[in-house]
Each structure stands twice: as structure tokens, then as C-alpha cells.
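Residue-level structure breakdown
So you can see what is in the structure, the chains are spelled out below.
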Amino acid sequence: MAQAQNSSNLEEEVLVTGYRASLLNSTAAKRNSVGFSDEVFSDDIGKMPSQNLAESLSRIPGVRIEREVTGEGQQISVRGLGPEFTKVVMNGNSISVASDGSLGSGQKGRQVDLDMFPPELFSSLAVNKTSSAQQVEGGVSGYVNMRTIRASDMGDGSHFRVGLEGAYNEMSGETSPKYSFLYGYDTEKFGVLAGIVGKNSKSRTDGFESVGNYQDGCVAHWYDAVDDDDQPLGRKSGCIGNTEGREGYYQSTGANTFNYTDIATADYAAAHPGVNVGDQLDLNAVSGLTDEQLDNMKLPYIGRPMYTYGDRDSLSMILSAQFRPNENIEASLDILRAEADRSFVRNELVNIYRRNYLQYGLAWIPENIQLNDDGVVQSGTFYNNRAWVGSRAYEEELTYTSIMPSLHWQISDVFVMDLSGSRTESDFDRDEPYLLYYSAPGVMTHDYNSKMPTVTHSVDVASAGSGWTFGAGPGTEGDAYQAGDFRFQRNARTTETTSFKADFALGEDADISGIKFGVHWDENISDTTGFTGGDDWNNRVRTSDLNDNFANYVIDSPITDLTGKGVKGIASVNWGAVKDAVDYDNFVPDSSAGGDQFGSTIGDIEEKIFAVYVEGNSESEVAGRPFRTNFGVRLVDTEQTISANGLTKTSDYSRILPSFNAVYDVTESFKVRGSASRSLTRANPSSMFPSAAWNGSGVDEVAVGNYQLQPFESTNFDLGGEWYFGDLGYVGLNYYQKDITGFVKPRDRQIPLNEVQAAVEALGYDFEVSEDSLTDIQLAAVADCGGIEDGTCMTNISDDVNIEGVTTLTGWEAIWVMPLDFIVQGLGFNASMNKIDQDASDPDGEIFGISDTTNFTAYYENFGFQTRVTYTLQEGTETGGGWSPLLADDRAQLDLSASYDLPMFSDYNVTVSLDAYNLTNEPMRSVFESDGNTFNLRYPGATYTLGIRASF
């Protein structure tokens, strides 16, 4: 904080700078608003409160961060609902980013990844939690407007802002450089700004992952396998769950995902004197379990220690021009271009909880197994284990371009016209080859009695010289042999948005008292494609050198200090040599996949949206105190064209969205607010892609896509207020309620086969059920139950539908911004919290991922020194997970920021800064709801940033 003295009246004038200046602007914006909104501003030298837009927004009550596996904030959720329910706009215009979300998952929804945009190029971030008619619809939970910086934000004349910093991540042990440069020139008639931000981010994440819920094993009496005619197949049988009528086979009761053997293997014999290879063992005595316990003993599906490391190069550029030919007209053009290339290697040490089949020589001998009350392994030893490593080499390219012209014209003292257009294009490509390979047999131990499960191997799984093979099994190809797996995985996404807005205001200050109305038009396009290798790829892999000389392609683990106990590394592969072995770069896939590697359906969607609105603002007095209102209505029509699986379908719907906001000044410092509105979020495109096909080889089920899914809609109520005790300080408390409809659930209907054709056609698809359209296998199944027209064959029709129930969210938000200058000049804090609950009339409408959040920042600014400590708590919540109910752990993150203005360079406002993020290396963890055991756990590490900035 700097101080200056006015020579004319000798009164002290206090100039607020830095973080306090950002808080001061936020307080003023909240005080002047009619609805429930919060805004984050950059400080006087153009720095946001955090180095990431998502992290900056997390200071707002009710905003929760969704993080990438690297720990970096990526998306935001508002008031409990997921990122797809938040409408993110730029300069008031719709945008979309084609990125595919986290490395660990895919997304085809309406989320916007904020890590694409550097905060240096933005002047403010506004979160509106209540609706007004002029806002672009699409956010049931909130509306976020990111305003890009312009020359007028930097002041009159010429101004430069430059920055250079290095960020050290303690997990990767490397430093990531970042630079920024902005130049702005502004006069009474003309302004121009150009800027560039470049960054190379190096990161590493260690952890433990599972793919699905608990799976159990199979204990069986092994016999020579036979076919349906009881002819020998030349190998031992696996576990057969349905053995009715087959004498001598054991009837297993579990899911039977992994296998045991009671024949002593070499590693077991070596550890047990007196036991010879081939001896038959008493598995009950060895394991300490009964047959029933063995048959239902549980382990997480494909549980695996893992690490990922790599870098991301990003470059963002902005160009902005303003032209003011007179005091009534301003024309602007804002162009933003962002590019990001990411290269990562991810290695997973899969402890074979599937496919360790007896016939391939992979079945385990379990010893000294300890189970919890749910039958889940807590500790134990497994002989004859072959560790299964999956290595992925990610290569990603992402681009985003937006061009946004606008015109503001004060036509008369009481009439204003604002015109704006927008065109955004974004392209994303992800190449993700996935190679799986096996270690030599050895002994594996487990201990799940800690956050990070401990897994050890007698084989040195970190070393290249540990007998790695592409396949597993005792034989050669064609005999009892489990072949290697090399998956070709590539997907791409393109998004485009085109919009035009014409807004008009009638009144001397229509935001206070007057009428606003307008017309908005948007066209949004999203096209997704995915490729697998197909037969050409499989033939290329089978005939490559990988099968015969795979050991030549394995390298020692590049990570030798993996977090936690147990293995300290995972042997990797020379990806350049692996790709050369299959001539990867020259392979052109001709097999278009129906989905991506994450199991999401792919397709295309085009939306044309036309909206008109009118709203009135008024200011009056009630009991001698100011009373402001905003009332409006928005009429929006949506036309959708959706394509997938060779089918194209159209749908359309219209909605009326009213809104009302009011604020009453009970006293000069105490404001009470109220709001009521309707809002919508359109359905996830991946849930709407059209399809109608038999699911499987029989006639048991038809899977149907629902292109007519209706949007999510919410009726919203808010009540609250603030007490202001100065220009900077205030406390606020809000209560909100959202009644949401439109959630989607699977629907299954069992109907006679002779009614299936009509039922599917009633859903809008051509579908034939006849002897000519069915395969031989299907015809045989039909014959067994009496024929197509008999009426005794039953088929399940499976599709997704909007549920009729209502899910009600209720919550409390509190915020406290408190300067403590009366204690120490420049001291203060700001805190916020959000507490949220839900009540779903239909269990299928339960919302996963809602959680209470708390943020607290203590700061001190004086004599050119600034420092603040931020504590963010995101409480645990149910996260779904598909196969099994999961819970996210509480996660508390501690960040530190400090800077000092160098007095010897005061003319250039030179500031050195030191920031630290995630000081305690707080992990991101989810657990099985049933017993609290780890499902996923990732350690992103702490990051320390040293930088220097100047503005002049």
C-alpha cells in the first residue's frame, strides 16, 4: 500500500494497490449489483489472485474446482452441480473448447477447460448465480463471464506489462518457465493492445488407481477343457460359472474375475522347503480361507500403482483494438488465440485381477490372506504372479481461436445499441497408443491398510532385465498362450460457435431504471471421431519384432522414487523404438470406432439457438430507502441435429425463462436481496447420439439412443444480503434453493419379440425384425423360444429417458471480507463457505459430486511487501463411479503467495514474487463407500514459483 499527501488540503490520501485493490473492486461490484453475483479482478499490475483461472474463481463461495490428474485446476462447478451445468462465456459470448478433459477420463459434454486460458490476458471473472434475461442461457447452476483485457484497462498512453517466472514441481524435480508480455496504447479515440503468454509445464503424478469395483476370484476343480460336444480342447479349463448338468465341474458363485491354482509353482516350491513343483496343495490350508471365502475374496478391478510424467507447451496471444470516433460510439475487436501441445508417458503396474487364467499358466496361489468384514483382501501373498504393465504415450494438440467484434452506440441520451458477434474454433487431437507387457513369474504381496496400498514383487519390476515379454503363458502362439496387447487409440474433436447479439437499452441509465431488450442467435457445432486399428493394425503388430524380441524394447523405470511403500518404479519402453517396430507413423487407421477409449459414444451435434428477451430495471423508494428491481423474460428456441452410427436425427424445443431480482437498502450499509428465475442446461450430447441395434449376438436386448432428451431445467430461489462496514469490508449470507428436473436414467422394457419392431420404430428408428434381418445365431435363439410371431420370445429395449422426479438443492453461502487495519495497517482476511444438501424424489436423480467448501485467505500488504496464505477445503462427497458407489476424501490445499516491490525500480513497478501451491502435497483420493479402501489416489506434489514482473 502506498501513501500520498494532497498539498492543497493536507489530507492524507490512501492509494490501495495489489491484492487489496482486487478485493476493493470485488466489493464495489457486489455492492452495486442487483442479483447474486461475485467478481474477481486482476490487481493493479494485472495479476489474478492465483496463477490459474479456476483457482482464482475458487475464492468465490459455492465454486468448486475440478482438477486434472496433475493437480492443476481445470474446470469449475457452481453450487454443487457439475461443470457441464455452468455456462462459461467470454466477453458475454458463447464459447466452446474442444479439449478432452483429464488424462484419466474423457468428456464430450458442455464443460469448458479453463486451464487453456492464461490469467494474464483477462481483467475480470464474474460469476452470476442468479439469472437475468439478457444472459445467454445454458447454465442451471451459474453463469461465468470471462472478460479479456483491453488497452483501456491499462490506462491512458503507452503501458507495458512483462513477467518472467519459473515454477519448480517437487514431484517432477524440474522447473517450468513462463513468460508474458503485454503492450497497451490508449488515447481518447483509439486503443490497441497486444499480448503473448508462453509456458512450458513439466509435471509428474504418482498414485494408485482402480478401474472398477471389487471383483472376486474362482476356486474350481480343474479338468481338461471340452467343447459343447464334450470333445477335448487340448488345455485345462478355466472357471466356469454355469456348470449345470456337467458332471465333475464345480459350481462357482462369484464374478470369477481372477483364478487360483492348487498346483505348486516354481516360486512357491522355492519358498517352501519340502514342496516340489507340481505338488498338489491344500488351498484352504495355504490361504487360511474356506472355499466360500476363496470364491468371494475381493480385490479392486485392475488395481495398479502408477505414475505419469511429461510436459505441456502452451502459447496464448491476444490482440484487441478500440476505436472511438466520438464520445457516443466505440467499436472493438478482440482476438484470442491459444495453442497447447502435451506429451506424457503413463505407466501402470497392473496386478492381474483379471485374465490370470489357469490355462495360460497364470493362476495364483494365495497365502496367508487377511480379509475385512466385507471379504476384501487387506493383506496377503500371491505366488505365480506375472505383473502386467500398461504403458501409454500421449500426444495431444489443442488449438482455440476466437474473434469477437462489438459496437457500442449511444444513439441518444436515452437510447443505446450494442451489437456483438463471435466466432470461435477449437480443435483437439489425442493419440494414445497403449502397450501391455508381462514380467517373469514371481511373488506379489499386498497390504491395503494405508492410504497408498503397498504392493511388492519379488521380480524387480523397475528393471528392464526382469524377463519382460509381450505375451504371457507357457506355450507359443497357437497353443496355451495369452498374447500381448498393443491398442491403437486415437480420437479427435472439433468445436465451432458462431453468434450474433443485438442488445438495446432505453433510459438514461437502463441498468438502474429503464428497459433492455434484444435478439441473440447462436450456432454451436461439435464433431467427434475415434479410431481403432482394426485387423490391419492387429496383423501389423503380430508380424512385428515385438513378439520375438520384446526385451530389446524395455528400458529401466525413469521414476525410481515412486510415492509410498512397495515398488519404487515401473519399467517402461522405448516408445520411439516400439513405434518404429510397427511403422506407427505411417499407419493410417481405416476403422472408425463407435466410441472412444473411455467408453463414450462419439458423434456430431449441431445446435441453432434463437432467443429474444426483454427486461425492465427500476429504482424507487420504499420507506424512504432505495429499492431496485430487475424483471425480465427470455424466450429461447433450440434446434438440434445429431448424428452417430450412420444415423442423423433432429429435435427442437422452446422454453420461456422468466427472472426477477431485487435489492433493498435497509440502511446505507445493509442490503437485502431476493431472486427467482428459471434456467436450463441442454442435455449432454453423448447421451443423445442416435442408435438402434441389437446388443450382443442374440435377440435378448436392443440398445436405443435417445436423440429427443429434453434439457435440464431449474426453478431457482435466492434470499440473502450483506452488511458493508467500509469500502472494503463486508459480511454476507445467502440462502438458495434449486428445483431441478430433466435428469436422465436408463430405462429397460421387456416386451415380446413380435412387438420389438413397432416399439423401436415408435422411438424414431427404422428397425426390422424378420427372418431376413436376423443372423443365423439369432434365428437359432428365436427357434428355441417358439419363433418370431409366437409371442413367447422376450426382448429388452434399453434406452435413456428424462426422469419425472425433482431434485431439490438447498444451500447456504457466507462470505466475510475483513480489513484489520485497526490492528496492523495492511492486515486482513477474506473467508467464504458453502454448505449444500439435496433431496431427490427419484433415486436416479441423485446428484453426485456435491460437497461443502470453505476458503480462507489471510493477507498483509504494506511498505511494498505483500503476502497471503490461502486455505481451501473441499469436503468429501459421493462421486458415483458407475460400477460401485465411491466417495471422494476431504481435500485441504494450502497455498502461499508473497511479493516485494523493489524500491530502486519504482518507476517501472518491478515486483519479485514467490508463490507456493499445495504446500503439503495433499493427494486427490477417492474410496469405496462400502469400506473406505482406496479406489484412486494421486499425489501431484507441491509447486514453487519464483517470478519477476514489471509494469510501466
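Residues numbered from 1 in each chain as written. Predicted model: local features only at pLDDT ≥ 70, side-chain atom pairs only at ≥ 80, totals over all residues. Heavy atoms only, no water.

1. Focus on the overall build of the protein chain
Defined as follows: For the purposes of this entry, the term helix denotes a DSSP run of H or I that reaches at least four residues, the term strand denotes a run of E that reaches at least two, and both are numbered from the N terminus. Working definition: with a 1.4 Å probe on protein chains only, accessible area under 20% of the residue-type maximum means buried, over 50% means exposed, and in between means partly exposed. Any two residues having at least one pair of non-hydrogen atoms within 4.5 Å are treated as being in contact. Surface accessibility in these figures is a Shrake-Rupley result with a 1.4 Å probe; residues are shielded only by whichever protein chains are displayed.
Counting its regular elements, the protein chain contains nine helices and 53 strands. Residue burial in the protein chain is summarised as follows: out of 952 residues, 55% are buried. Residue pairs in contact within the protein chain that sit at least 24 positions apart in sequence constitute 71% of those at least 6 positions apart. In the form shown here, the protein chain has an accessible surface area of approximately 38,700 Å², with 52% of it arising from carbon and sulfur atoms.

2. A word on a negative patch on the surface
Note the following rule: Residues forming no salt bridge and having over 30% relative accessible area are the ones grouped into patches, like charges within 9 Å of each other and nonpolar side chains (Val, Leu, Ile, Met, Phe, Trp, Tyr) within 5 Å. Salt bridge, as used here: a side-chain nitrogen of Lys or Arg that lies within 4 Å of a carboxyl oxygen of Asp or Glu. Note on charges: Lys and Arg go in the positive column, Asp and Glu in the negative column, and His and the chain ends are not counted at all. Taken as the charge location is NZ of Lys, CZ of Arg, CG of Asp or CD of Glu.
On the surface, Asp 313, Asp 341, Glu 395, Glu 397, Asp 427 and Asp 429 cluster together into a negatively charged patch. Elements that contribute at least two residues to the negative patch include exactly β22 (388–412) and β23 (415–431). Residue position: Glu 395 is located in strand β22.

3. Observations concerning unusual backbone geometry
Excluding glycine, a negative phi dihedral is what most residues carry, and trans is how most peptide bonds are arranged. Located in the positive-phi region is Asn 384, a residue other than glycine, with phi close to 65°. Its place among the elements puts Asn 384 in strand β21 (residues 377–385). What makes Asn 384 buried here is its relative accessible area of 9%.

4. As for the sheet that holds strand β25 (residues 442–447)
Cut-off, in case you're wondering: Pairing between strands is defined by DSSP: at least two bridges between the two strands are required. The axes are straight lines fitted to the C-alpha atoms, using for helices just the contacting stretch, and the angles between their N-to-C directions are given from 0 to 180°.
Here we have four strands laid out as an open sheet, ordered β20-β21-β25-β26, and antiparallel in their pairing. Each end of this open sheet is capped by a strand with a single partner; those strands are β20 (365–371) and β26 (454–457). Within this sheet the neighbouring strands show an average axis-to-axis angle of 10°, counted without direction. Note that β25 and β26 share four bridges and pair antiparallel. Bridge assignment links Met 444 to a residue of β26, and that residue is His 457.

5. Some details on the environment of Ala 133
Relative to the assigned elements, Ala 133 resides in the loop between β8 (122–128) and β9 (142–148). The spacing of Ala 133 and Glu 615 is 482 residues in sequence and 6.2 Å in space, taken between C-alpha atoms. Ala 133 has contacts with Tyr 613, Val 614, Glu 615, Gly 632, Val 633, Arg 634 and Ser 659, leaving out every residue within four places of it along the chain.

6. A closer look at empty space enclosed by the protein
One water molecule sets the probe size; rolling that probe over the atoms shows where empty space is left. Definition in use: The method works on a 1 Å grid over the protein atoms by themselves. A cavity is a set of points holding a 1.4 Å probe that cannot get out, a pocket is an open set with protein on both sides within 12 Å along at least five of seven lines, and residues with an atom within 4 Å of a point line them. Grid points are joined across faces, edges and corners, and a volume is the space filled by probe spheres set on the points. The residue classification treats Ala, Val, Leu, Ile, Met, Phe, Trp, Tyr, Cys and Pro as nonpolar and Asp, Glu, Lys and Arg as charged. All others, Gly included, are polar.
Under the counting rule described, the total for this entry stands at 15 cavities of 30 Å³ or more. Only α2 (53–57), β10 (157–169), β11 (174–186), β12 (190–209), β18 (304–326), β19 (329–350), β49 (891–901) and β53 (943–951) provide two or more residues apiece to the lining of the largest cavity. If you tally residues by element for the lining of the largest cavity, the top one is β12, at seven residues. Here the residues of the lining of the largest cavity sort into 15 nonpolar, 18 polar and twelve charged. Quantified by volume, the second largest cavity comes out at close to 390 Å³. Lys 87, Ile 95, Ser 96, Arg 110 and Asn 524 are, among the 26 residues lining the second largest cavity, the residues nearest its centre. Elements with a contribution of two residues or more to the lining of the second largest cavity: β6 (86–90), β28 (490–509), β29 (513–532) and β33 (604–622). Counting residues per element, the lining of the second largest cavity draws most heavily on β28, at four residues. The residue makeup of the lining of the second largest cavity, split by class, is eight nonpolar, eleven polar and seven charged.

7. Considerations on a nonpolar patch on the surface
A cluster of nonpolar side chains, namely Val 414, Leu 506, Ile 515, Phe 517, Val 614, Val 633, Leu 635 and Ile 656, defines an oily patch on the protein surface of about 620 Å² accessible area. Those elements that provide at least two residues to the nonpolar patch are β29 and β34 (625–644). Following the sequence through the fold, Phe 517 ends up in strand β29.

8. A short note on helix α1 (residues 18–32)
The criterion, for reference: What a helix should span is 1.5 Å times the count of its residues minus one.
Its 15 residues place the ends of α1 22 Å apart at the C-alpha level, agreeing with the 21 Å of an ideal helix rising 1.5 Å per residue. Among the residues making up α1, those that are buried are Gly 18, Tyr 19, Arg 20, Ala 21, Ser 22, Leu 23, Ser 26, Thr 27 and Lys 30.

9. Some remarks on the pairing of strand β42 (residues 794–802)
By the bridge criterion, three bridges tie strand β38 (residues 701–704) to β42 in an arrangement that is parallel. Each bridged residue has a counterpart across the sheet, and for Val 702 the counterpart in β42 is Ile 797. The pairing of strand β41 (residues 744–752) with β42 spans nine bridges and is antiparallel. From the neighbouring strand, Gln 750 faces β42, where its bridge partner is Asn 796.

10. A few points about the pattern of salt bridges
As enumerated under the stated definition, the model contains 44 salt bridges in all. A salt bridge links Arg 304 to Glu 209, with the shortest nitrogen-to-oxygen separation between them at 3.2 Å. Taken as a pair, Arg 304 in strand β18 and Glu 209 in strand β12 lie far apart in primary sequence, 95 residues in all. Overall, Arg 304 belongs to the buried group, its relative accessible area being 7%. Among the ionic contacts, a cluster of salt bridges with common partners joins Glu 209, Arg 304, Arg 346, Glu 348, Arg 392, Glu 432 and Arg 938.

11. Here we look at the side chain of Gln 75
Going by this rule: Here a polar contact means two N or O atoms within 3.5 Å. Within protein one must be a hydrogen donor candidate and the other an acceptor candidate, and residues neighboring in sequence count only if both atoms are side-chain atoms.
In this structure, Gln 75 sits in strand β5 (residues 73–78). Note on Gln 75: relative accessible area 7%, which makes it buried. At 2.6 Å, the side chain of Gln 75 and the side chain of Asp 113 are in polar contact.

12. Considering the sheet that holds strand β3 (residues 37–41)
In spatial order, the strands read β3-β8-β9-β6-β7; together these five strands make up an open sheet with mixed pairing. Two strands in the sheet have a free side with no partner beyond their single neighbour: β3 and β7 (93–94). Of the strand pairs in this sheet, β8 and β9 are connected by six bridges, and their pairing is antiparallel. Bridged to Ala 126 within β9 is Asn 145.

13. With respect to the packing of aromatic side chains
For clarity, the threshold we go by: Only centres within 6.5 Å qualify two rings of Phe, Tyr or Trp (six-membered ring in Trp) as a pair; their planes then separate them into stacked at under 30 degrees, edge-to-face at over 60, and tilted for everything else.
Scanning the entire structure with this criterion turns up 37 aromatic pairs. An angle of 25° between the planes, with centres 5.3 Å apart, marks the rings of Phe 160 and Phe 952 as stacked. Here Phe 952 lies in the segment after β53 and Phe 160 lies in strand β10, a separation of 792 residues in the sequence. Of the residues examined, Phe 160 reaches a relative accessible area of 28% and is grouped as partly exposed. Centre to centre, the rings of Tyr 707 and Tyr 765 are 5.8 Å apart; their planes meet at 85°, and the pair counts as edge-to-face. Residue Tyr 707 is found in the loop between β38 and β39 (712–724), and its partner Tyr 765 is found in the loop between α8 (756–762) and α9 (776–784); the two are separated by 58 residues along the sequence.

14. Comments concerning the confidence of the model for the protein chain
Low pLDDT marks stretches whose predicted atomic positions should not be read closely. The condition is simple: Note: pLDDT gives the predictor's confidence per residue, expressed from 0 to 100.
Averaged over the protein chain, the pLDDT score is 86; the fraction of residues at 70 or greater is 89%. Throughout residues 1–14 the model reports pLDDT below 50, and contacts reaching past four residues in sequence, or to other chains, amount to 17 contacts. Segment residues 475–480 is flagged for pLDDT under 50; beyond a separation of four residues in sequence, or across chains, it makes eight contacts in the model.

15. Regarding the nonpolar core
Definition in use: We define a nonpolar core as any set of buried Ala, Val, Leu, Ile, Met, Phe, Trp, Tyr and Cys residues linked to one another through side-chain atoms lying within 4.5 Å.
Of all hydrophobic cores here, the largest spans 37 residues; its most connected members are Leu 57, Met 90, Ile 95, Leu 114, Phe 117, Met 146 and Tyr 400. Contributing elements (two or more residues each) for this core: α2, β5, β6, β8, β9, β12, β19 and β22. Once you skip the residues sitting within four places of it in the chain, Tyr 400 turns out to touch Met 90, Ile 95, Ser 96, Val 97, Met 116, Phe 117, Leu 336, Arg 337, Ala 338, Thr 424, Glu 425 and Ser 426. Of all hydrophobic cores here, the second largest spans 30 residues; its members include Phe 486, Leu 546, Ile 559 and Val 573.

16. Observations regarding the side chain of Arg 392
Here Arg 392 lies in strand β22. For Arg 392, a relative accessible area of 10% corresponds to the buried category. At 3.4 Å, the side chain of Arg 392 forms a polar contact with the side chain of Tyr 434. If near-sequence neighbours (up to four positions away) are discounted, Arg 392 is found in contact with Arg 304, Phe 344, Val 345, Arg 346, Asn 347, Glu 348, Glu 432, Pro 433, Tyr 434, Gln 489 and Trp 575.

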